[in-house]
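# Structural description and commentary
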Amino acid sequence: MPSLAPYRNDMSNVLQQIVTSSSEADTLDQLIPYIKDYSYGNKTSHLLGQLSDLASAREAEIEQQCNTNHQDFVQSVNQLLRIREGTVTLTNEILELNQSIQTSTENLVEQKKALVESRGVRQNIDEASHALQDCLEVLRLANQVQELRDQKKHYAALRALDELQTVHLQSVTQYKLSELIQSSVPATQKSIAEAVMADLNTWLFRVREMSQYLGELSFYHTDLRIKRQKERAEKNAYLANFKLSSAIELVADEREEVNLLKSEDLEVDFSPLFEALHIHRSLGQMDKFKADYAASRKGQRDLLLQNSISLVDEEMGDLHTLLEDIAGFAIMETATMKKVPDLRSSTDVEELWDSLCQTAINLMTKALSQVDNAEHLLKIKNLVSLFIQTMTSFNFNTSAMSNFVLVLFEKYATLLEHRFSEDFVEIVSTDDYMPMPIQNAEEFEKVVNVSWYTPDRPIQEMTFPTVFPFSQMYPLCCIDIRNFLNQFYFFSSTDDAPGPLASKIDSQLLSSLDDLLTTKVCASLISRLSSQYLGQIVQILINLSHFTTACRELETLLTSARSNSVHAGGSSTITLRATSQFSTHQKTAENRIFELVNSKVSDLIETAEYDWLSRVPPSEPSNYIQTLTRYLANIINSVLLSLPSSLKDLMLFNAISYTASTILSLPLSPTVNRITTPAVAQLAMDIAHFQAYVDTLPNNLILVESLDELVQTVALMSTDQPDEFYDISLRNKKYRNVDPLKGPQLLEKVVHVQVKSPTLAGPGHDRGSSANSPGGGLPASGAAANQGGSMGRNTANTFAALQNRFINR
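Heads up: these notes are all about the structure in this document. All of these numbers come straight from a predicted model, not from anything done at the bench.

### Let's talk about the overall build of the protein chain
- Within the protein chain, the secondary structure is distributed over 28 helices and 4 strands.
- Counting over 809 residues, the protein chain shows a buried share of 42%.
- For the protein chain, the exposed surface amounts to about 43,100 Å²; the carbon and sulfur share of it is 52%.

### What to know about the nonpolar core
- Trp203, Met401, Leu525 and Phe582 are the most contacted members of the largest nonpolar core, which totals 171 residues.
- When residues in this core are grouped by element, the largest group, 13 residues, is from helix 13 (residues 399-430).
- Sequence-distant contacts of Phe582, defined by excluding residues within four places in its chain, comprise Leu517, Val521, Cys522, Leu525, Leu544, Phe547, Thr548 and Cys551.
- Among the nonpolar cores identified, the runner-up in size contains 6 residues, and Ala715, Leu716, Phe725 and Tyr735 belong to it.

### As for unusual backbone geometry
- Note that the residue after Phe464, namely Pro465, is joined by a cis bond; omega there is 0°.
- For Pro465, the position within the fold is in the loop between helix 14 (441-450) and strand 2 (466-467).
- Its identity is not glycine, yet Met316 carries a phi of approximately 55°, on the positive side.
- Residue position: Met316 is located in the loop between helix 9 (286-304) and helix 10 (317-339).
- Although it is not a glycine, Tyr433 adopts a positive phi angle of roughly 55°.

### Focus on the packing of helix 9 against helix 10
- Between helix 9 and helix 10, the least distance of the axes is 10 Å, while the angle of their chain directions is 165°. Classed by the angle they form, the pair helix 9 and helix 10 counts as roughly antiparallel. Crossing of helix 9 against helix 10: the hand is left-handed. For the pair helix 9 and helix 10, the contacting residues are Tyr293, Arg297, Gln300, Arg301 and Leu304 in the first and Asp325, Phe329, Met332, Glu333 and Thr336 in the second.
- When its residues are assigned to classes, the contact of helix 9 with helix 10 shows 4 nonpolar, 2 polar and 4 charged.

### Points about helix 21 (residues 677-695)
- Between the first and last C-alpha of helix 21 there are 26 Å, a value that for 19 residues agrees with the 27 Å anticipated at 1.5 Å per step.
- Burial runs high along helix 21: 16 of the 19 residues are buried.

### Describing the pattern of salt bridges
- Tallied over the entire structure, the rule returns 10 salt bridges.
- Notably, a salt bridge pairs Glu61 with Arg58, separated by 3.0 Å at the nearest N-O pair. Taken together, the residues span about one helical turn, with Glu61 and Arg58 both in helix 3 (residues 44-68) at a distance of 3 residues.
- On the accessibility criterion, Arg58 (32% relative accessible area) is partly exposed.
- When the shortest N-O distance is used, the salt bridge between Arg419 and Glu375 registers 2.4 Å. Of this pair, Arg419 sits in helix 13 while Glu375 sits in helix 12 (residues 374-393), and the two are 44 residues apart along the sequence.
- Residue classification places Arg419 among the partly exposed residues on the basis of a relative accessible area of 25%.

### Comments concerning the packing of aromatic side chains
- Following the criterion strictly, the structure yields 18 aromatic pairs and no others.
- The interplanar angle of 70° and the centroid separation of 5.9 Å between the aromatic rings of Phe444 and Phe464 together place this pair among those described as edge-to-face. Highlighted residues: Phe444 in helix 14 and Phe464 in the loop between helix 14 and strand 2, separated in sequence by 20 residues.
- Pairing Tyr474 with Phe547 gives two aromatic rings, centres 5.1 Å apart and planes at 80°, and the pair type is edge-to-face. Of this pair, Tyr474 sits in helix 15 (residues 473-491) while Phe547 sits in helix 17 (residues 534-564), and the two are 73 residues apart along the sequence. Neither residue differs from the other here; Tyr474 and Phe547 are each classed as buried.
- Positioned above the aromatic ring of Trp452, the side-chain terminus of Arg482 is 4.2 Å from the ring centre.
- Lying across the ring of Phe725, Arg731 places its NZ or CZ 5.2 Å from the centre.

### Points about the packing of helix 14 against helix 15
- As a packed pair, helix 14 and helix 15 sit with axes 8 Å apart at the nearest point and diverge in direction by 50°. Here helix 14 lies oblique to helix 15, going by the angle between them. Helix 15 is crossed by helix 14, and the crossing has left-handed handedness. Of the residues in helix 15, those in contact with Val447, Asn449 and Val450 of helix 14 are Pro475, Cys478, Ile479 and Arg482.

### Quick word on a nonpolar patch on the surface
- Taken together, the side chains of Phe73, Val77 and Leu81 present a nonpolar region at the surface, about 280 Å² in accessible area.
- Looking at the secondary structure, you find Val77 in helix 4 (residues 70-150).

Rules used throughout
- Residues numbered from 1 in each chain as written.
- Predicted model: local features only at pLDDT ≥ 70, side-chain atom pairs only at ≥ 80, totals over all residues.
- Heavy atoms only, no water.
- Helix = DSSP H or I, 4+ residues; strand = E, 2+ residues; numbered from the N terminus.
- Buried < 20%, exposed > 50% of the residue type's maximum accessible area, 1.4 Å probe, protein only.
- Areas by Shrake-Rupley, 256 points an atom, 1.4 Å probe, with all protein chains shown as cover.
- Core = buried A, V, L, I, M, F, W, Y, C linked by side-chain atoms within 4.5 Å.
- Contact = heavy atoms within 4.5 Å.
- Axes fitted to C-alpha atoms, helices over the stretch in contact; angles between N-to-C directions.
- Parallel < 35°, antiparallel > 145°, perpendicular 65-115°, else oblique.
- Left-handed = near helix turned anticlockwise from the far one by under 90°.
- Nonpolar A, V, L, I, M, F, W, Y, C, P; charged D, E, K, R; others polar.
- Expected span 1.5 Å × (residues − 1).
- Salt bridge = Lys/Arg side-chain N within 4 Å of Asp/Glu carboxyl O.
- Phe/Tyr/Trp six-rings, centres within 6.5 Å; stacked < 30°, edge-to-face > 60°.
- Lys NZ or Arg CZ within 6 Å of the ring centre and 35° of its normal.
- Patch = residues over 30% accessible without salt bridge, like charges linked within 9 Å, V, L, I, M, F, W, Y side chains within 5 Å.

Printed below as a string of structure tokens:
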């Protein structure tokens with residue numbers, strides 16, 4: 001049988017825990033497992049015994065304690081009784097108090113009910129007051145929006161309206177007022193936008209009104225820049241190579257930089273534009289605003305452009321207004337684009353600019369036909385050039401205007417050519433064709449300064465009054481030529497001249513100058529060569545010679561101008577057609593002089609009245625030969641005096657050679673069948689007289705050679721030994737210049753007759769013997785014929801030599 005000791009120990013512990021537990025539930029929780037164990041082992045009686053034992057032990061302890069503290073217990077019971085009595089009394093009092101409290105509570109409930117009701121009323125009043133305050137605030141803000149709009153504080157009004165819509169209306173959404181105000185918001189926004197646009201339109205109108213003044217200011221400051229650049233270029237020639245608005249010019253002009261839109265003269269306030277832009281951006285209407293603004297500016301552009309303008313006004317008021325308006329309008333567009341990049345694009349501005357330029361060009365082109373004054377056209381060009389320079393500084397494309405300058409130049413060149421054509425024609429037609437007289441040194445220097453002429457000696461060695469070799473038309477034409485050149489280059493004097501304009505000016509200048517010199521000067525001079533007045537022809541020849549020199553000087557001058565031009569593509573030599581024209585027609589004038597002199601010589605020789613059958617020996621030279629020598633002497637000392645010596649020698653050689661050939665043709669005439677020896681003696685005397693005159697002339701050796709054929713032919717006619725001519729050796733010695741065909745003809749005509757008087761007298765007789773003497777009566781001619789070398793050159797070679805010498809002078 002198993003031992004019960006462990007169970008006893010466990011039970012003791014359980015009982016101890018049961019005694020010390022604080023509640024019955026805990027006791028049961030501890031006994032349940034042991035009860036189960038004892039029940040399985042049929043030990044329930046044992047458990048009950050244990051519990052009885054425990055109860056008995058506890059009762060014994062209680063009794064012991066009670067016996068020890070009995071008096072205290074009794075006292076405690078008495079106290080409890082008294083306490084109970086007091087408790088009953090208090091209970092009654094409490095009941096009474098409860099009744100009183102109940103009564104008070106009923107009163108309090110009634111009062112609280114009244115209070116609750118009053119609080120509800122007050123809450124309703126407060127809510128109504130708050131609603132009223134909210135509505136009043138909404139109304140105040142609505143009125144404030146209207147006041148701000150009336151005060152033109154549009155952005156503040158828009159902000160207040162936005163605050164009203166997003167904040168204050170949210171607190172009164174339950175009221176009708178909110179619906180009313182909310183429905184009025186779009187109309188209010190629209191009215192604000194319209195008010196802003198009205199202010200913007202007012203601003204645009206003012207901008208349009210100030211556009212011309214803005215353009216005028218821009219022209220004025222550009223002109224000042226041009227002057228400053230010229231002053232700098234005068235101080236430093238290197239700076240002259242840089243145009244206006246070049247980097248160098250901009251750096252040099254930094255201290256003078258001016259803001260046209262904000263200066264003492266003009267200030268443009270962009271606030272209305274910024275406000276309108278900001279408001280429309282806030283309203284989400286930027287696309288509409290851009291479209292409206294673009295339409296407004298296009299409308300203003302159309303208002304700037306007139307239907308027609310006049311360019312003949314001396315002050316050019318229409319052109320000033322047009323170009324200044326365009327410049328001011330374009331400058332404002334550029335400024336707007338820079339300040340508000342998202343409002344105006346560069347494409348929009350360029351389109352407006354191109355349309356303005358094209359319309360202006362069309363207007364000016366229509367009015368250009370009325371302009372008939374080159375100086376006035378130059379003023380127009382200068383104003384257009386100022387416009388181009390001004391707008392170039394604002395980075396506008398001015399190629400269209402530059403092309404129009406070419407049109408202006410073509411018109412300008414036409415007017416200049418027409419005017420100078422008239423001047424040249426008048427100068428040539430009114431010239432006296434006499435050497436130009438000069439009274440003093442001062443006048444002499446003035447003429448030399450304007451003419452391409454180099455005096456043959458210093459002015460200090462001259463005596464006054466004197467004359468120039470040319471007539472007064474030459475310096476007058478030189479002055480006009482210089483003016484013509486200056487007028488052409490005036491057109492390109494500004495920095496705006498593009499490369500095409502410079503090239504156009506060069507080509508047009510050469511063409512016009514050539515045309516004027518050839519068709520108006522040279523042709524007019526040549527047309528006057530038909531004159532019968534030898535002095536006029538000689539003067540024309542001299543003038544042609546000086547014009548040839550002037551043309552060569554002009555070629556050098558124009559070549560230098562082209563090489564110095566910054567637009568020149570090269571410095572190729574310039575050749576004027578007029579140079580060859582003047583040079584060629586010098587020969588025409590020379591030939592005309594030859595023709596007139598020869599004609600006069602022919603006329604005088606035709607007056608010769610030779611009696612070819614005369615039997616009377618001559619006593620003096622014939623009248624015609626004396627008149628002829630006097631004529632030649634007169635023209636040499638007067639008309640031909642101003643010719644260069646080489647040309648004068650050529651003229652003399654031609655006249656003397658022609659005289660000799662014409663005199664020789666007299667006995668060779670078919671009408672002369674017989675020639676008596678006295679007639680031959682008369683002819684020999686006349687030739688001797690003429691030869692004596694030639695001996696007095698400069699370069700007489702060459703001139704005398706031109707008489708060799710005539711002298712030797714007359715000597716052959718005078719000889720009494722004609723067979724010598726048929727002997728080659730003797731002919732080459734004595735008659736080498738006699739024509740082999742003419743000699744026999746004349747010998748057949750000569751008839752030896754008995755003279756009526758044995759004495760032969762008269763001038764020239766000392767140079768030879770009688771007509772019947774051997775050797776022919778002109779021994780001097782025979783001596784000349786016997787000279788060798790250069791003295792034996794024929795007439796044609798000598799004439800050619802003199803001609804070449806004159807050409808190369």
